[in-house]
Amino acid sequence: MPSGQRAQWKGFLKFGEVSCGVALYTAASTSERITFNTINKATGNRVNRIFIDSETEDPVPKEAQTKGFEIENGQYIIIDPEEVSAAIPESNKTLEIEAFIPCSDVDDVYFDKPYYLTPDKMGGDAFAALRDAMKKSMVAAIARTVLFRRMRTVLIRPHGKGLIASTLNYDYEVRSSEKAFEEMPKLKIQGEMLDLAKHIISTKKGEFDPATFDDRYEAALADLVKAKIEGKSLPKPKKVQVSKPNDLLAALRESAGMMKAAADQPNRTAANANTGTGRQRAARGAAAKSAASKAAPQRKAS
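The following refers to the structure shown.

The rules behind each value
Residues numbered from 1 in each chain as written. Predicted model: local features only at pLDDT ≥ 70, side-chain atom pairs only at ≥ 80, totals over all residues. Heavy atoms only, no water. Salt bridge = Lys/Arg side-chain N within 4 Å of Asp/Glu carboxyl O. Helix = DSSP H or I, 4+ residues; strand = E, 2+ residues; numbered from the N terminus. Buried < 20%, exposed > 50% of the residue type's maximum accessible area, 1.4 Å probe, protein only. Pairing = 2+ DSSP bridges. Axes fitted to C-alpha atoms, helices over the stretch in contact; angles between N-to-C directions. Contact = heavy atoms within 4.5 Å.

Some words on the pattern of salt bridges
Part 1: Evaluation of the coordinates by the stated rule reveals 6 salt bridges.
Part 2: The residue Glu98 makes a salt bridge to Arg144 at a minimum N-O spacing of 3.6 Å. Residue Glu98 is located in strand E5 (residues 94-102), and its partner Arg144 is located in strand E7 (residues 139-147); the two are separated by 46 residues in the primary sequence.
Part 3: Under the relative-accessibility criterion, Arg144 is labelled partly exposed at 31%.
Part 4: The salt bridge partner of Glu230 is Lys226, with a shortest N-O separation of 3.0 Å.

Given below as structure tokens:
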């Protein structure tokens, strides 16, 4: 069990005639983000949400609220919350694996939320056997169960010492890519323009390292909160200039020249480069944490 975390779901993982107890833990969380409340400018007081009748404009208390499905404009079928609960498939608390598939078979546009899948103390051997067999076979598993009051399809993959389970969007929830790109003009780039773009790509090749990605929006919010507490103002950001078609080739040439010049310069040693990057990240992280800690009493009141 991850330290300090509570399982989001507990049940059983079944493959063939083998089953073991498992638990799901949230793999990604937004709880550390800076949050704001809505404030009345005139009084400085927090604004509360009140539900009102759309016709009478009278407040509607929670006990008088129910669910409804609109069949025509302003016409609703009333559905009681108990009827909704009765319609939810009964959960047997079992993640039953239906098939093993190549990891590349699932388009990541279907990925919803990731969860760490861990074994209980009694099911460690069966869990490890499945994990290691999936690693060597280079496959993922498709399983289904009721999670959080909904029937969900889950993709299970080996991850570190355990497994990671990603809930998947249904086909009807994923919008068509053809419709998204239907108005995009048919362009075929050739010659110097394509060569320059490929050159820029070749000089910027790297590896995926999430530790090097800063949440600039969150850092900017922390700086803003800190500045407001200290009575300071922040400089306005510069507008990004979008390249026009007639300037694109010139911009590509300039970028390619800059990349070549940078590549020709003597590089710092890897140790020095890593140290510099680490110091910068540490400094930014410290500043954000400092601002967030100072702003903590303000988060719920401003």
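We are not done yet, so read on.
Overview of the sheet that holds strand E9 (residues 162-168)
Part 1: Read around the closed barrel, the 7 strands follow the order E1-E2-E6-E9-E8-E7-E5; overall the barrel is mixed. Between one strand and the next, the sheet's axes are offset by a mean angle of 40°, whatever the strand orientation.
Part 2: Strand direction decides the pairing type here: E5 and E7, joined by 6 bridges, are antiparallel. Residue pairing for E7: Phe100 is matched across the bridge by Ala141.
Part 3: In the packing of helix H2 (residues 124-137) onto the sheet, contacts are made with strand E1 (9-15), strand E2 (18-26), E5, strand E6 (111-119), E7, strand E8 (150-159) and E9, and the angle to E9 comes to roughly 75°.

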